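Okay, here's what each chain looks like letter by letter:
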Amino acid sequence: VMACEILTMRTDQGPFLPNVLIGTIGESCIVPALRLTLAVVQNGHEELRGEVVRSGMLIPLGDILQNALSSGDRYTFSAALAIFRFCGPYATVGLVDSGSFASLKNAIRTMSCVLAISENANDPNEKRTNILNSLKLESLETMEALSSNDSLQSSISNDALPALAELLNSEKEEVVCFALKTIQKLISIPSSAAAVANTGIVASLIQLLQGNIAENVQEVAFDVLHTVALSKSGDLNIIVRLLSCGTVEAIATLLGSATASLHVTEIGLDILLLVMTLSDPSVTSSLHPSAKEGMLQQLRDAFVGQDQFVRALAATMLGAEKTRIVDNTLIPLSDNGNRYPFSPLYGHPLPVNETRSVGAVGHQYKAIQILFKLSSLMCCETREHHKEDFTNAFLLKKIRGSSPISAIACCTFLDVLNDEKNGICVPTNVVDKELYFEEHLPLVRVFLLEGLSACLDESLSSDETKDMAEVIISTFRIPQLCLVFCQSHTLAPEAFDLLQNVVLPLPIETLGNMLLEDKSTLIALFGLVTGKNGHESNREYVNQKMALLLGNLAKAGLLPNAIERLDLRKHAIAALSAAILINGNEDSTIDDDEESLPRICIESLATILSNENDEIEMSELESRTMADAIGKSLSTTVLNRFFVQANLETTMESIDHSIDRAAIFTSAE
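Residues numbered from 1 in each chain as written. Predicted model: local features only at pLDDT ≥ 70, side-chain atom pairs only at ≥ 80, totals over all residues. Heavy atoms only, no water.

1. Quick look at the overall build of the chain
Step number 1: Tallying secondary structure elements over the chain gives 34 helices and four strands in all.
Step number 2: The 669 residues of the chain split such that 51% are buried.
Step number 3: The contacts of the chain with a sequence gap of at least 6 include a subset with a gap of at least 24, amounting to 72%.
Step number 4: Accessible surface, the chain as shown: approximately 31,200 Å² in total, 50% of it carbon and sulfur. (Helix = DSSP H or I, 4+ residues; strand = E, 2+ residues; numbered from the N terminus. Buried < 20%, exposed > 50% of the residue type's maximum accessible area, 1.4 Å probe, protein only. Contact = heavy atoms within 4.5 Å. Areas by Shrake-Rupley, 256 points an atom, 1.4 Å probe, with all protein chains shown as cover.)

This is how it looks when you write it as structure tokens:
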């Protein structure tokens, strides 16, 4: 306390110590006064340092610092720097005279000059090099302390920013750390963040992140990069700069290594999402198509070989969608206590923030958004090698026995994309949303359907994974999914291939349990039988396959019970009646080919209309409906069969025809 009073004591000429520093009582007292001041502010508390600032102590210190540098007075320079370092943060506008701020700004300019001095690696004078390094380090430490004072940040940004950015390329970690922390504080001001972005700092930060640096330095570097990137998030130039400097490769490699902290992960995902807006027309609308395609090509190339990152995204998605998957265990929809554990072949998911505030968008969702953008980007048909690289990573192609877990990943991803209104991946921008529904969403769904078909086909062909595959088909309602997608023009071919190759070969009882459990699924099946499918090139074949499925369900006795339980008798009669004539007209006859669409449908109708005594039973309305739809075709068919039989009996009188006659009367028609 006494020392403080001495330092701030006022005389007739003003505060005592500032007068000593300007040589009022002799230049020989300047250095002792500096030494005394440094001792007090270094060991004193914050209030004391503020009192020293208010005494005007800093006013002469700026000139002392500059003169010491010019004369090579190392001790005076270091002592003055230290006093600025301890006291500068407490210089408050309104409580400190303008002279103190002028001195602080003068000191900032002096330190900036020191930081800008280039080092000569070939300088034979090692002592001179060491002194310069020490001066730079002290200047950096002081600059970092002063940057915490909001009133000085603008001056530091204007005078020291280029030198600070250049120091990020230093091989000395301590230098880099101080420079980063200073820049981190400066970019809290929007104008400073924009200025930092224009210094070429992005390339230095990426080079830094690609090196072997301490975790605390890494986090600060990411913070700076994140702030710089988002400060100009609408600026296409900064996005292109991030891409060209290797940002994508650096972040993807780090996040895929499973060594990144939660904070770094969240920041890294934000930056990647920003760079990947290059695929959004709202961001690149001003570009020529060839220029845009060039950047997208560069973005694709950046993700080539990032298998671990792709798997980390997939693992994060599997962890986020916990409705059916918990701790690498698949829980079937019909939960009978069985659990189906699977190996975590995708590796570690990205770290989770369990304390995230309600309503905030978790980085798990950001990871899924990136996975979707990456899928649509890499699966473009014009870049087959990119698709192959991504497919190998996402479907674990190079890992033996991975088909069940890869199928689960495809199913989970398709589930995520089901919500087309408020889904995780649905853009908010109207222009981007249009492209999403027209191109990106169908493209990714096609990729997932193809992958799912291949993985399930492989799983079903192995005794070790067959049971697991059937559980996946049931749990994720694959048959229902196929029926819905078969109605889409863009997805019908892949959906039908999955249905035909994976689902339909299952036992008819298993299919019945899946397809006949709810009304919407059965209505969709009836729709496909009547031609309501998006398979333009093979529609007749699809109709016939769906009709055959209905016929098999009817023969197994499963279809009539389901129709009665779901109250779909009228719907079934109308759909099957319409299907009989789908490839002909009302004058057509129903042939005897058991594989033909009309034959399958009439047999199914007969089964549905039969009672317990195997007799046809229908209401007046139902009979009128069928008469209007297929009455003429039925009459023509029956009469034709009678005429054929009569002609046969006339020409072959010696043969007993009673069996053939009975067959006519017991036929479905």
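2. Some remarks on the pattern of salt bridges
Step number 1: Inspection of the entire model under this criterion finds ten salt bridges.
Step number 2: Where R477 meets E517, a salt bridge forms, and the shortest distance between an N and an O atom there is 2.6 Å. Linking R477 in the loop between α24 (466-475) and α25 (478-485) with E517 in the loop between α27 (508-515) and α28 (519-529), this pair joins segments that are 40 residues apart in sequence.
Step number 3: Here R477 falls in the partly exposed class, since its relative accessible area comes to 28%.
Step number 4: Look at E517 and you get partly exposed, because its relative accessible area is 38%.
Step number 5: A network of salt bridges, in which partner residues are shared, links R477, E517 and D518. (Salt bridge = Lys/Arg side-chain N within 4 Å of Asp/Glu carboxyl O.)

3. Some remarks on the confidence of the model for the chain
Step number 1: A residue-level look at the chain finds 78% of positions with pLDDT of 70 or above and a mean pLDDT of 80.
Step number 2: In the model, residues 356-360 has pLDDT below 50 throughout and makes two contacts with residues more than four positions away in sequence or in other chains. (pLDDT = per-residue confidence, 0-100.)

4. Regarding the nonpolar core
Step number 1: In this structure, L180 and F394 are the most contacted members of the largest nonpolar core, which totals 199 residues.
Step number 2: When neighbours within four sequence positions are excluded, L180 is seen to be in contact with L168, L205, L208, V217, V220, A221 and V224. (Core = buried A, V, L, I, M, F, W, Y, C linked by side-chain atoms within 4.5 Å.)

5. Details of the packing of aromatic side chains
Where two aromatic rings form a pair, the distance of their centres and the angle of their planes describe that pair.
Step number 1: Under the criterion given, the structure shown has nine aromatic pairs.
Step number 2: The interplanar angle of 50 degrees and the centroid separation of 6.4 Å between the aromatic rings of Y346 and F394 together place this pair among those described as tilted. One end of the pair, Y346, is in the loop between β4 (340-341) and α20 (363-378); the other, F394, is in helix α21 (residues 384-394), with 48 residues separating them in the sequence.
Step number 3: Their ring planes at 85 degrees and their centres at 5.9 Å tell us that F496 and Y541 sit as a pair that is edge-to-face. Of this pair, F496 sits in helix α26 (residues 492-503) while Y541 sits in helix α29 (residues 539-555); the two residues are 45 residues apart in sequence, bridging distant segments of the chain.
Step number 4: Under the relative-accessibility criterion, F496 is labelled buried at 2%.
Step number 5: Every member of this aromatic cluster is reached through a ring pair, and the members are Y346, F390, F394, F413 and F447.
Step number 6: The ring of F86 carries the charged tip of R85 above its face, separated from the ring centre by 5.6 Å. (Phe/Tyr/Trp six-rings, centres within 6.5 Å; stacked < 30°, edge-to-face > 60°. Lys NZ or Arg CZ within 6 Å of the ring centre and 35° of its normal.)

6. With respect to the environment of N513
Step number 1: Within the fold, N513 resides in helix α27.
Step number 2: For N513, a relative accessible area of 57% translates into the label exposed.
Step number 3: In this structure, the C-alpha to C-alpha distance between N513 and L558, residues 45 residues apart in sequence, is 8.8 Å.

7. Things to note about the packing of helix α5 (residues 61-71) against helix α6 (residues 74-87)
Step number 1: Orientation of α5 relative to α6, taken along the N-to-C sense of each, is 145 degrees, at an axis distance of 8 Å. Considering how the two elements wind past one another, α5 and α6 form a crossing that is left-handed. Residues L61, G62, I64, L65, A68 and L69 of α5 form the contact with α6, whose participating residues are T76, F77, A80, L81, I83 and F84.
Step number 2: Each residue belonging to the contact of α5 with α6 can be placed in one class, and the counts come to ten nonpolar, two polar and no charged. (Axes fitted to C-alpha atoms, helices over the stretch in contact; angles between N-to-C directions. Left-handed = near helix turned anticlockwise from the far one by under 90°. Nonpolar A, V, L, I, M, F, W, Y, C, P; charged D, E, K, R; others polar.)

8. Observations regarding the environment of S118
Step number 1: With respect to the element layout, S118 can be found in the loop between α7 (98-116) and α8 (126-146).
Step number 2: For S118, a relative accessible area of 61% corresponds to the exposed category.
Step number 3: Separated by 45 residues in the primary sequence, S118 and A163 place their C-alpha atoms 9.8 Å from one another.

9. Considering unusual backbone geometry
Step number 1: For L396, which is not a glycine, the phi torsion comes out positive at approximately 55 degrees.
Step number 2: In this structure, L396 sits in the loop between α21 and α22 (403-416).
Step number 3: Owing to a relative accessible area of 0%, L396 belongs among the buried residues under this scheme.
Step number 4: Phi angles above zero are rare outside glycine, and D567 is one such case at about 55 degrees.

10. Quick notes on the packing of helix α3 (residues 30-43) against α6
Step number 1: The interhelical angle for the contact between α3 and α6, taken along N-to-C directions, is 35 degrees, at an axis separation of 10 Å. α3 and α6 meet at a crossing whose hand is left-handed. Between α3, through V31, L34, R35, T37, L38, V41 and Q42, and α6, the contact on the second element is made entirely by Y75, T76, A79, A82, I83, F86 and C87.
Step number 2: Grouping the amino acids of the contact of α3 with α6 by side-chain chemistry returns ten nonpolar, three polar and one charged.

11. Thoughts on the state of the cysteines
Note on terminology: a disulfide is the covalent bond linking the sulfur atoms of two cysteines.
Step number 1: The tally for this structure, following the rule as stated, stands at zero disulfides.
Step number 2: Summary of cysteine pairing: C455 is not part of a disulfide, and the nearest cysteine sulfur, belonging to C410, is at 5.2 Å. (Disulfide = S-S within 2.5 Å.)

12. Some thoughts on the environment of I573
Step number 1: Residue position: I573 is located in helix α31 (residues 569-580).
Step number 2: On the accessibility criterion, I573 (2% relative accessible area) is buried.
Step number 3: Sequence separation between I573 and T625 is 52 residues; the distance between their C-alpha atoms is 8.3 Å.
Step number 4: Apart from the residues lying within four places of it in its own chain, the contact partners of I573 are L605, L609, E622 and M626.

13. A word on helix α23 (residues 430-460)
Step number 1: Here α23 is 31 residues long and its end C-alpha atoms lie 42 Å apart, about the 45 Å a rise of 1.5 Å per residue gives.
Step number 2: At Y436, α23 shows its largest kink, close to 50 degrees.
Step number 3: The opening residue of α23, the one whose side-chain oxygen lies 2.8 Å from the backbone nitrogen of V431, is N429. (Expected span 1.5 Å × (residues − 1). Bend = angle between axes of the 7 residues up to and from the residue. Polar contact = N/O pair within 3.5 Å; in protein donor to acceptor, adjacent residues only side chain to side chain.)

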